[in-house]
Amino acid sequence: GVRAVIGKGGMGARTLAALKQHGAVYLNAIGGAAQFYARTVQRVDDVSLMEFGVPEAMWHLTVSEFPAIVTMDAHGNSLHKDVELASGERLGLLASV
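Residues numbered from 1 in each chain as written. Predicted model: local features only at pLDDT ≥ 70, side-chain atom pairs only at ≥ 80, totals over all residues. Heavy atoms only, no water.

**What about the overall build of the protein chain?**
Alright, step 1. Within the protein chain, the regular secondary structure consists of three helices and five strands.
Alright, step 2. Beginning at the N terminus, the succession of helices and strands in the protein chain can be written as β-α-β-α-β-β-β-α.
Alright, step 3. Taken over the C-alpha trace, the protein chain has a radius of gyration of 16 Å; the compact-globule value for 97 residues is 13 Å, which it surpasses by more than 25%.
Alright, step 4. When burial is assessed residue by residue, the protein chain has 19% of its 97 residues classed as buried.
Alright, step 5. Nonlocal contacts in the protein chain, meaning residues at least 24 apart in sequence, comprise 39% of its contacts between residues at least 6 apart.
Alright, step 6. Within the structure as shown, the protein chain displays about 7,500 Å² of accessible surface, and the carbon and sulfur contribution to it stands at 58%. (Helix = DSSP H or I, 4+ residues; strand = E, 2+ residues; numbered from the N terminus. Rg over C-alpha atoms; globule rule 2.2 N^0.38 Å. Buried < 20%, exposed > 50% of the residue type's maximum accessible area, 1.4 Å probe, protein only. Contact = heavy atoms within 4.5 Å. Areas by Shrake-Rupley, 256 points an atom, 1.4 Å probe, with all protein chains shown as cover.)

Listed below in structure tokens is the structure:
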């Protein structure tokens, strides 16, 4: 019953709203760690959107002990947005020095 999308860079406001509507989360995975993550895959249940190619297809997996960080949640919170705002504030401080 867990609904999650896994990626490396977050999504926009429409995706955040859809996560909230459907009770799902966005998980941030570490880029370049495919061999590490592959060890957690128990089976491939399905593949959607294969017409976009293997890297862009949507893979439906059953995994065990998959390490990832929830960066967009089902309550409308986005760590990506929080980091962007904090970074912008910090950059503004640095620019005024």
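**Quick look at the packing of aromatic side chains**
Alright, step 1. Summed over all chains, the structure comprises two aromatic pairs.
Alright, step 2. With centroids separated by 5.6 Å and ring planes inclined at 65°, the aromatic side chains of Phe 36 and Tyr 37 adopt a geometry described as edge-to-face.
Alright, step 3. On the accessibility criterion, Tyr 37 (8% relative accessible area) is buried.
Alright, step 4. Ring centres of Tyr 37 and Phe 66 lie 4.5 Å apart, and the angle between their planes is 20°; this geometry places the pair in the stacked category. Taken together, the residues span a long stretch of sequence, with Tyr 37 in helix α2 (residues 34–38) and Phe 66 in the loop between β4 (58–63) and β5 (69–72) at a distance of 29 residues. (Phe/Tyr/Trp six-rings, centres within 6.5 Å; stacked < 30°, edge-to-face > 60°.)

**Notes on the sheet that holds strand β1 (residues 4–7)**
Alright, step 1. Strand order in the open sheet made by the three strands is β1-β2-β5, with mixed pairing throughout. With one partner strand each, in any of the chains shown, β1 and β5 form the two edges of the open sheet. Taking each pair of neighbouring strands and ignoring which way they run, the sheet shows an average axis angle of 40°.
Alright, step 2. The pairing of β1 with strand β2 (residues 25–28) spans four bridges and is classified as parallel. Bridging from a neighbouring strand, Ala 4 pairs with Val 25 of β2. (Pairing = 2+ DSSP bridges. Axes fitted to C-alpha atoms, helices over the stretch in contact; angles between N-to-C directions.)

**Quick notes on the environment of Lys 81**
Alright, step 1. Within the secondary structure layout, Lys 81 lies in helix α3 (residues 79–95).
Alright, step 2. In sequence terms Lys 81 and Ala 13 are 68 residues apart; their C-alpha atoms lie 9.6 Å from each other.

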